[in-house]
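# Structural features, examined
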Amino acid sequence: MYRNLLNESSLYPILRKLDEELAAETKKLGCPCGGQLDRANYPRKPRGAAPEVERDPAYRQRLSFCCAEEGCRRRRTPASVLFLGRKVYLGAVVVVVSVLRQGPSPARLARLKKLVGVSARTVRRWHKWWLESFVESDFWKAARGRLRAPLEERELPRSLLEAFEANSALLQLVYLLRFVSPLTIPSPTTGLGF
Ligand SMILES: [Zn+2]
């Protein structure tokens with residue numbers, strides 16, 4: 001049921017639109033110094049999605065701002081549902097690949113490598129990230145209470161995906177990415193190592 005999610009052509013435009021909305025909220029707030037925010041996006045090479053998504057300039061940047069005020073120039077980077085970490089893989093890929101490794105009949109690593117080009121080492125690192133860094137994060141400790149029922153942390157991220165009621169797996173994925181997006185706001189303590 002989750003296997004074909006990354007090939008759904010409607011997924012990436014939805015995520016991109018949400019990123020634009022998150023960026024618009026950040027821009028409206030402006031800089032704490034009172035200055036306006038200018039676009040100053042970070043380049044990205046999104047991996048793991050369909051080739052047309054990887055090539056599309058719209059998905060090759062992480063939206064970000066810089067204060068226009070001379071002498072301030074402070075960075076403001078909004079939350080993102082497209083990019084979970086600082087590196088190359090799209091957040092959707094990190095979630096779906098991790099989920100496919102779980103459950104009663106986990107996808108074999110060789111198959112995942114064929115599907116999205118992700119190495120066994122990377123998959124293991126993501127798994128460890130969910131079970132350790134994510135579970136220990138201040139974000140999760142504060143946010144888990146907002147879920148309707150406690151979930152099995154050892155089954156993350158699949159248990160979190162299943163916690164969102166929606167009529168499609170695609171929407172569940174979008175809700176999950178929106179839910180965890182505060183983690184993507186860069187901070188010295190976030191340290192998303194992928
Ligand atoms: Zn400023």
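Report follows, based on the coordinates. Since this is a predicted model, take the numbers as computed values, not measurements.

## With respect to the environment of Arg101
Turning to its location among the elements, Arg101 is positioned in the loop between α3 (91–100) and α4 (109–116). Residue class for Arg101 comes out partly exposed when judged on the 18 C-beta atoms lying within 10 Å of it. The spatial distance from the C-alpha of Arg101 to the C-alpha of Val123 is 8.4 Å, given a sequence separation of 22 residues. When neighbours within four sequence positions are excluded, Arg101 is seen to be in contact with Pro106, Ala107, Val123 and His127.

## Structural notes on the nonpolar core
Ranked by internal contacts, the top residues of the largest apolar core, which has 36 residues, are Ala92, Val93, Val96 and Leu177. Among the elements that line this core, the one with the most residues is α3, at eight residues. Non-local contacts of Ala92, meaning those with residues more than four positions away in its chain, are made with Leu6, Leu11, Leu15, Leu173 and Leu177.

## Remarks on helix α5 (residues 120–136)
For α5, built from 17 residues, the straight-helix expectation of 24 Å at 1.5 Å per residue is met to within 8% by its first-to-last C-alpha distance of 24 Å. Maximal helix bending in α5 amounts to about 40°, located at Trp129. Within α5, the full set of buried residues consists of Thr122, Val123, Trp126, Trp129 and Trp130. Where α5 is buried, its residues meet α3 and α4.

## With respect to the sheet that holds strand β1 (residues 37–39)
Sheet strands line up and pair through hydrogen bonds in the backbone, either parallel or antiparallel. If you walk across this open sheet you meet the three strands as β1-β4-β5, and the pairing is antiparallel. Edge positions in the sheet fall to β1 and β5 (75–76), since each has one partner strand and no second. Of the strand pairs in this sheet, strand β4 (residues 65–67) and β5 are connected by two bridges, and their pairing is antiparallel. Note that in β5 the partner of Cys66 across the bridge is Arg75.

The rules behind each value
Residues numbered from 1 in each chain as written. Predicted model: local features only at pLDDT ≥ 70, side-chain atom pairs only at ≥ 80, totals over all residues. Helix = DSSP H or I, 4+ residues; strand = E, 2+ residues; numbered from the N terminus. Buried ≥ 20, exposed ≤ 12 C-beta atoms within 10 Å, placed from the backbone. Contact = placed C-beta atoms within 7 Å. Core = buried A, V, L, I, M, F, W, Y, C linked by C-beta atoms within 7 Å. Expected span 1.5 Å × (residues − 1). Bend = angle between axes of the 7 residues up to and from the residue. Pairing = 2+ DSSP bridges.

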